[in-house]
Amino acid sequence: MKKLVLLMSVLLGVGSSLVSQNVNRVKKPEMLRNQGRKEIRLPQVEGYEILKCDFHIHTVFSDGNVWPTVRVKEAWHEGLDAIAITDHIEYRPHKKYLTKDFNSSYEIAKPEAERLNILLVRGGEITRKMPPGHMNALFLSDVNKIDQSNFMKAMEEANKQGAFVIWNHPGWKAQQPDTTKWWPVHDELYEKDWLHGIEVFGYDDYCPIASEWCMQKQLSYIGCTDVHNSTGYAFDLSRYYRPMTLVFAKERSMEGLRQAMFDRRSVAFFGDELAGPEALLRHLFEASVVVKAPFRVHKGKIYFEISNPTDLMIRLENKVAGLNAPDVIDLMPGNTVIVSCDDKKGVIELPYEVSNWHIGMQQNLEVQIEVLNNID
């Protein structure tokens, strides 16, 4: 009898195990997206931590198509450190279904940002015809207070709250179809110190003259997605990182980010290009490019390697006639190339222009590739 009871118990156990392994429910986790974070390889620049940021994104609380927490998850998966949800103040097509509290998208996203270690900036987009155009106000304490019919009153309130203000997409075709103009109202904002940066790149649109304005007026160079759909729907993330702003902060904190922005330590990163102040671009270049000692001498030439361990594209173009070195050197992300030049002893200096790293409308970063030739 005891043996029978034991046998029945074993059979029942096997039966329950078979039930729990339902053959009509087969999991296929390999079909799901990798839940890891795609890290962006940037160099270590002494004294700074480079924060990857997007300061212009939308949710359903204005004219976007996603919930605020989705924006945070996208940012984490795509390698960012900080985002600002900047829903329109004056344009909210879904307002019939949602609260009018302009802080809502921030409040909803904040717990997810804390969970994923994303710095979430409270912001809003002041949305007007040109002039003055659209302005993003960042680091606000209460977005509701900038909901004012008078534009200058809205800007005054934003700056009372210590906002960092960005002029968005100045060359947007819908507002400036035939030209990209700096208007008198922008002079007024600039003179009052109520304008701190300009979007030189937004969504898929590079505005070279905005780089020129940033250079001349010492304003921050900003690159953003201005995304309304999901980033995966909007951008080809298999080929490029999403557009972003690289901020050179002294520490990874909200105050560190804010201080760096007001100190104008930012570079726009979009596709294969950068736009920023000369000093920061030079820091990036010197930290990104590794020139190794020559390994071969052959027929009056030396051969050496140049490496780029970062995810930044570096296109070097020779602008000096008669320089016996390659006219173009493409340093692809994560790659090493072999370069040759005339065999000369000591330090050899090869002048190049980084043609895809922009300072102004017609000015790119100029560098010297230095090679120490000590082969006997």
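Residues numbered from 1 in each chain as written. Predicted model: local features only at pLDDT ≥ 70, side-chain atom pairs only at ≥ 80, totals over all residues. Heavy atoms only, no water.

**Notes on the layout of surface pockets**
Estimates place the volume of the largest pocket at around 320 Å³. Residue lining of the largest pocket: 22 residues in total, with His56, His169, Trp172, Asp226 and His228 positioned closest to the centre. Those elements that place two or more of their residues in the lining of the largest pocket are β3 (119-127) and β6 (197-202). The element that contributes the greatest number of residues to the lining of the largest pocket is β6, accounting for four residues. Partitioning the lining of the largest pocket into residue classes produces seven nonpolar, nine polar and six charged. (1 Å grid on protein atoms, 1.4 Å probe; cavity = no way out; pocket = protein on both sides within 12 Å on 5 of 7 lines; lining within 4 Å. Points joined across faces, edges and corners; volume = space filled by probe spheres on them. Helix = DSSP H or I, 4+ residues; strand = E, 2+ residues; numbered from the N terminus. Nonpolar A, V, L, I, M, F, W, Y, C, P; charged D, E, K, R; others polar.)

**Section: helix α2 (residues 68-77)**
Taken across its 10 residues, α2 has seven buried, putting it largely inside the fold. Every buried residue of α2 is listed here: Pro68, Thr69, Arg71, Val72, Glu74, Ala75 and His77. In this structure, the buried side of α2 is in contact with β1 (49-57), β2 (82-85), α3 (104-116) and α7 (231-234). A positive backbone phi angle near 90 degrees is found at Gly79, which sits one or two residues after α2. (Buried < 20%, exposed > 50% of the residue type's maximum accessible area, 1.4 Å probe, protein only. Contact = heavy atoms within 4.5 Å.)

**Some thoughts on the pairing of strand β19 (residues 364-373)**
Both strand β18 (residues 346-358) and β19 contribute to a ladder of 10 bridges, which runs antiparallel. Its bridge partner lying in β19, Ile348 is registered against Val371. Counting the residues that bridge the hairpin from β18 to β19 gives five residues. (Pairing = 2+ DSSP bridges.)

**Concerning helix α9 (residues 278-288)**
Along α9, the residues that are buried comprise Leu280, Leu281, Leu284, Phe285 and Ser288. Taken down its axis, α9 places every buried residue within 135 degrees of arc, on the same side. Set apart from the buried face of α9 by more than 90 degrees, the exposed residues are Ala279 and Glu286. (Arc of directions from axis to C-beta.)

**Quick word on the nonpolar core**
Inside soluble globular proteins, nonpolar side chains tend to come together where they are buried. Counting residues in hydrophobic clusters, the biggest one holds 85 residues, and the most contacted among them are Met135, Leu246, Leu274, Leu284, Phe285, Leu316 and Trp357. Ignoring sequence-local partners within four residues, the contact set of Leu316 consists of Phe285, Asp327, Val328, Ile329, Leu331, Tyr352, Glu353, Val354, Val367 and Ile369. Of all hydrophobic cores here, the second largest spans 18 residues; its members include Val247, Ala249, Leu257 and Met261. (Core = buried A, V, L, I, M, F, W, Y, C linked by side-chain atoms within 4.5 Å.)

**A word on empty space enclosed by the protein**
One pass over the structure, following the stated rule, counts one cavity of 30 Å³ or more. Of the pockets and cavities examined, the largest cavity occupies roughly 30 Å³. Around the largest cavity sit Asp87, His88, Ile89, Arg92, Phe102, Ser105, Gly123, Gly124 and Val143, which together line it. A breakdown of the residues in the lining of the largest cavity according to their chemical character gives three nonpolar, four polar and two charged.

**Concerning the pattern of salt bridges**
What the rule picks out here adds up to 18 salt bridges. With a closest N to O distance of 3.5 Å, Asp81 and Arg252 form a salt bridge. Residue Asp81 is located in the loop between α2 and β2, and its partner Arg252 is located in the loop between β9 (244-249) and α8 (254-262); the two are separated by 171 residues in the primary sequence. By relative accessible area, Asp81 is classed as buried at 7%. Taking the relative accessible area as the measure of exposure, Arg252 reaches 26% and is therefore partly exposed. Between Lys292 and Glu305 there is a salt bridge; the shortest N-O distance is 3.6 Å. Pair noted here: Lys292 is in the loop between β12 (290-291) and β13 (296-298) and Glu305 is in strand β14 (residues 301-308), with a separation of 13 residues, a long-range link. By relative accessible area, which is 38% here, Lys292 ends up partly exposed. When salt bridges with common partners are traced through the structure, they connect Arg37, Glu39, Lys52, Asp81 and Arg252 into a single cluster. (Salt bridge = Lys/Arg side-chain N within 4 Å of Asp/Glu carboxyl O.)

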